[in-house]
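# Examining the three-dimensional arrangement
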Amino acid sequence: MVTPELLRLLFQYNQWADWRLLEVCSALTNEQFTRDLGSSSGPCGIRSRTYMARNGCGTSASRAVRLPVFPQGQFSPDLASVRVKLEEMDRHYIDYVSKLAPRDLERVMTYKSFAGDEFSNPLWQSLHQLTNHATYHRGQAVTLLRQLGAKPVATDLIAFYREQAAAARA
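So, a few notes on the structure that sits alongside this text.

So, about the overall build of the protein chain. Each helix and strand counted, the protein chain has 8 helices and 2 strands in total. Per-residue burial over the protein chain gives 45% buried out of 170 residues. Of the contacts formed within the protein chain by residues at least 6 apart in sequence, a portion of 72% connects residues at least 24 apart. Of the roughly 8900 Å² of accessible surface on the protein chain, a fraction of 54% belongs to carbon and sulfur atoms.

Now the structure itself:
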């Protein structure tokens, strides 16, 4: 079962993975960072994929838990701005789940998709989806980084666990 502690750990993982991805992006020029490279969901640069890795694509489920987002279709002009927004969002997610009790996770939330379809599901499912979907966008960002000749860094969950275990032993 998903617990507030597990969700906090997963959002801490996402924060860790975001920072690692941003470090790779910091070696890019602004032109590379904002270049339209195309992607599975239309024209998109590394900037927007990096951002969407944390935004859950601006999904209606993410809006239902009042997440700080850029307006739909607007992306920050440079890496420094994206970094600030991602740090804000990471803090928000971790703070949000840190305040939840197990019973809060069962609260049913109802929302509409961008297509207008209505969905209802427990809060824990939406939060778990947000952490999982961020991994999808980081994978897209890695592909775009490779197209730019950059060497991506591992952001696998197991790498996070291993790093956490090593830090605990130190």
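Continuing now.
Turning our eyes to something else, we now look at the environment of Leu-21. Position of Leu-21 among the secondary structure elements: in helix α1 (residues 4-25). Between the alpha carbons of Leu-21 and Thr-155 there is a distance of 7.7 Å; along the sequence they are 134 residues apart.

This part is about helix α7 (residues 123-147). The end-to-end C-alpha separation of α7 is 37 Å, in line with the 36 Å expected for 25 residues at 1.5 Å each. Phi turns positive, to about 85 degrees, at Gly-149, one or two residues after α7.

As a further point, take the environment of Arg-83. Topologically, Arg-83 is positioned in helix α5 (residues 79-98). Arg-83 sits 61 residues away from Leu-22 along the chain, and the two C-alpha atoms are 7.2 Å apart.

With that settled, the discussion passes to the packing of aromatic side chains. Taken as a whole and assessed by the stated rule, the structure comprises 6 aromatic pairs. Ring geometry for Tyr-13 against Trp-16: centres 6.1 Å apart, planes inclined by 35 degrees, an arrangement best described as tilted. Of this pair, Tyr-13 and Trp-16 are both found in helix α1, 3 residues apart, which corresponds to roughly one turn of the helix. Accessibility assignment for this pair places Tyr-13 and Trp-16 in one class, buried. Here the aromatic rings of Tyr-111 and Phe-119 are separated by 6.2 Å at their centres, their planes lie at 35 degrees, and the arrangement is tilted. Residue class for Tyr-111 comes out buried when judged on its relative accessible area of 17%. Among the residues examined, Phe-119 registers a relative accessible area of 40% and is labelled partly exposed. Counting every residue linked through ring pairs, the aromatic cluster contains Tyr-13, Trp-16, Phe-160 and Tyr-161.

The rules behind the values
Numbering of residues starts from 1 in each chain and follows the order in which that chain's sequence is written. Reporting of local features is limited, given that this is a predicted model, to residues whose pLDDT is at least 70; pairs of side-chain atoms are given and counted only at 80 or more, and all residues count toward the totals for whole chains, interfaces and linings. Hydrogens and water molecules were not included; the side-chain quantities draw on all heavy atoms of the structure. Numbered from the N terminus, helices here are DSSP runs of H or I no shorter than four residues, and strands are runs of E no shorter than two. Think of it in three bands: with a 1.4 Å probe and only protein chains considered, a residue is buried below 20% of the maximum accessible area for its type, exposed above 50%, and partly exposed in between. A contact between two residues is defined here by any heavy atoms of the two lying within 4.5 Å. Throughout, the Shrake-Rupley method with a 1.4 Å probe supplies accessible areas, and for residues the shown protein chains are the sole cover considered. One less than the residue count of a helix, multiplied by 1.5 Å, gives the span that helix is expected to have. Planes of paired rings set the category: under 30 degrees apart is stacked, over 60 is edge-to-face and the rest tilted, where pairs are Phe, Tyr or Trp rings (Trp by its six-membered ring) whose centres lie within 6.5 Å.

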